[in-house]
Amino acid sequence: MASMNIKKGSHWKYDVFLSFRGEDTRKNFTDHLYAALDQRGIIVFRDDKGLDRGKSISTGLLKAIQESRISIIVFSRNYAYSTWCLDELVEIVELKSTNGHQQLIFPIFYDVEPTVVRKQTASFGEAFSKHEETFRMNIEKVQKWRDALKKVANVSGWELKDRSESEFIVDIVKDILEMPSKIPAKSEIFKDLVGMDSCWNTLRFLMDKEPYGVRMIGICGMGGIGKTTLARVVYDLSSHEFEASSFLANVRGISEKGGLICLQKQLLSELLKLPDSSTRNVYDGLKMIGSRLRYRKVLLIIDDAFDLKRLESLAGKQEWFGPGSRIIITSRDEHLLMTHGVDEVHKLKALQDDEALQLFYKQAFKTNQPWKEYEQLSKYVVKYTGGLPLALKVLGSFLYGKTTKEWESAPKRLERESENEILDILKISFDGLRETEKKIFLDIACFYRGEDRDYVTKIIDYCDFDPVIGIRVLIDKSLIEISNGNRLRMHNLLQEMGQQIVKRQSPKEPGKRSRLWKEEDVHHVLTKNTLLLEEQDGLNPKSCNPETCLNAASRSLGPLQELSLLLSP
């Protein structure tokens, strides 16, 4: 016999709480539904059974609602005439709001259409005309009833229409039996994550705005900051609230390999429940998405968006999707998200020191506490990562099981060059820049991190690099930030990535690199006379006059090194 198998230690006493108007459905539909659920091992509470004699029914019902994983509301034609049912509905909705969306609500539209419940027309409108007259001194109570009905009627549930009741009940039971695999416990999802619960709460708040409209929400931040992880949390915790859901992972990688049609097919297959779509090209896919989904409440996650045209081919307009739909887009490029017209952008930040240590311990020691002799070494590694989750995971996994001597050698290795797995992820953003933007980024990474924005703008403007737009692009792509004091901020690992790019231009001979910032490299170049002024930034070394060559050299050496050039014989 199949069962929902509530986990041992769970605070749920019941699988399902059945809410219904007794006069309408107790002796027919609700009774048959209860029997079918009970037969399949689903523990059900309904208000004419399960309460101990002698207890207040209101207190008992409230406790039963609190202890039920799922509340199913059976809307019948005369449901709204019952103030008891309406009060019970308000309690269910309010308890769901206070329980962090762990309790679920699903409506059954028995002999009434969803629009009648949502808009309170026909028999529901007549009932509320009487309520407004009866409760004219407490109109707030009536408004609570209206709001609760509208909220629940907007949730995807089951509608009988012209179907046979027996088939209808079979489908409901089947869907409920499948729900546990679709709804993982919140504690399980967050078990191996650090710092994600507050991010999830923020995203949930943004998603809950305008419940009957379509909302597009962006998640933005540098590579490795946790955008995909947060998007996956959103998907796992809320996909059950929608008629259909789709998670399009690694959009950048797939679409760059010519797989945009593949992404469109996945989207249509998952949101329309089709085995395969007949999409022949991107334009066909665009038309089908724009026409077939406008009446469906869907959750669509687009992970790692990087190009406006590709993004428009997947989720071009809000009108493409049905009321209540949510489109979540992750990207390193805030400007892309704003240009696409998202309603909100949530920017992810690096982990705080205590959270960073916690995540590192989980990876390096498989526990929440470090071994005593590793405590200071752990703090060094965490400081080096700057709270970047990707770096914490990679370095923690790399150091797991290694001796203290091997740990002690890690700082020297990291000073020379970081793990390629980290730098490769970060470099994706750099590779997407135009040439002038790359030069500005490298200048900041090598010379100007922490400097005043206006000061750096003047210097770079002298080189005709359009610094105002260039710096803005770097900000939008999460490569730099501006502090409250108008100074250029850059994550440690992004700076290291930039410096590694320059070093790899000539690993052994600093004079052949485009930029020098270390004192020993400058000394080597000046004493060995190995500075090579290659044709760059519009300069031809063969025709440089002394002043032009000095300017070019100063660009390669930076402000401090320019002084060394002027003072050298």
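In the block above lies the structure referred to throughout.
Residues numbered from 1 in each chain as written. Predicted model: local features only at pLDDT ≥ 70, side-chain atom pairs only at ≥ 80, totals over all residues. Heavy atoms only, no water.

Caption draft 1: Layout of the overall build of the chain. What the chain contains, in helices and strands, is 27 helices and 12 strands. By the burial criterion, 50% of the 569 residues in the chain qualify as buried. Of the contacts formed within the chain by residues at least 6 apart in sequence, a portion of 73% connects residues at least 24 apart. For the chain, the accessible surface area stands at approximately 28,400 Å², while carbon and sulfur atoms represent 49% of it. (Helix = DSSP H or I, 4+ residues; strand = E, 2+ residues; numbered from the N terminus. Buried < 20%, exposed > 50% of the residue type's maximum accessible area, 1.4 Å probe, protein only. Contact = heavy atoms within 4.5 Å. Areas by Shrake-Rupley, 256 points an atom, 1.4 Å probe, with all protein chains shown as cover.)

Caption draft 2: Up close: the packing of aromatic side chains. Tallying each qualifying case throughout the model produces 18 aromatic pairs. Geometrically, the ring pair formed by Phe360 and Trp407 is edge-to-face, given 5.9 Å between the ring centres and 75° between the ring planes. A residue pair is termed long-range when its members are at least 10 positions apart, and Phe360 in helix H17 (residues 353-364) and Trp407 in helix H20 (residues 404-416) qualify at 47 residues. One exposure class covers both Phe360 and Trp407, and it is buried. Taking the centre distance of 4.8 Å and the plane angle of 70° together, the rings of Tyr374 and Trp407 count as edge-to-face. Taken as a pair, Tyr374 in the loop between H17 and helix H18 (375-385) and Trp407 in helix H20 lie far apart in primary sequence, 33 residues in all. The burial state of Tyr374 is the same as that of Trp407; both residues are buried. (Phe/Tyr/Trp six-rings, centres within 6.5 Å; stacked < 30°, edge-to-face > 60°.)

Caption draft 3: Geometry of the pairing of strand S4 (residues 104-109). Most of S4 is tucked away, with six of its six residues classed as buried. Note that strand S3 (residues 68-75) and S4 share six bridges and pair parallel. Across the sheet, Val74 pairs through a bridge with Ile108, a residue of S4. Across two bridges, S4 lies against strand S5 (residues 158-159) in parallel orientation. Paired with Phe109 across the bridge in S5 is Glu159. (Pairing = 2+ DSSP bridges.)

Caption draft 4: View of unusual backbone geometry. Of note, Asp304 is a non-glycine position whose phi angle comes to about 70°, a positive value. Taking relative accessible area as the criterion, Asp304 reaches 15% and is therefore assigned buried. If you check the backbone angles, Asp466 has positive phi at about 50° while not being a glycine.

Caption draft 5: Just the packing of helix H19 (residues 389-399) against helix H21 (residues 420-431), in detail. Relative orientation of the contacting elements H19 and H21 amounts to 160°, with a least axis distance of 9 Å. On the basis of their axis angle, the class for H19 and H21 is roughly antiparallel. Between H19 and H21 lies a crossing whose hand is right-handed. In this structure, H19 uses Leu390, Ala391, Val394 and Leu395 to contact H21, whose residues at the interface are Glu421, Ile422 and Ile425. Considered class by class, the residues forming the contact of H19 with H21 number six nonpolar, no polar and one charged. (Axes fitted to C-alpha atoms, helices over the stretch in contact; angles between N-to-C directions. Parallel < 35°, antiparallel > 145°, perpendicular 65-115°, else oblique. Left-handed = near helix turned anticlockwise from the far one by under 90°. Nonpolar A, V, L, I, M, F, W, Y, C, P; charged D, E, K, R; others polar.)

Caption draft 6: Geometry of the sheet that holds strand S7 (residues 244-248). Taken together, the five strands give an open sheet; going across it, the order is S7-S8-S9-S6-S10, and neighbouring strands pair in parallel fashion. On the outer flanks of this sheet lie S7 and strand S10 (344-347), each paired with one strand and no other. Here the strands of the sheet are splayed against their neighbours by 15° on average, with no regard to which way each runs. Of the strand pairs in this sheet, strand S8 (residues 298-302) and strand S9 (residues 326-331) are connected by four bridges, and their pairing is parallel. When the bridges of S9 are listed, Leu300 appears paired with Ile327. The sheet contacts of helix H13 (residues 260-272) involve S7 and S8, and relative to S7 the element is tilted by about 155°.

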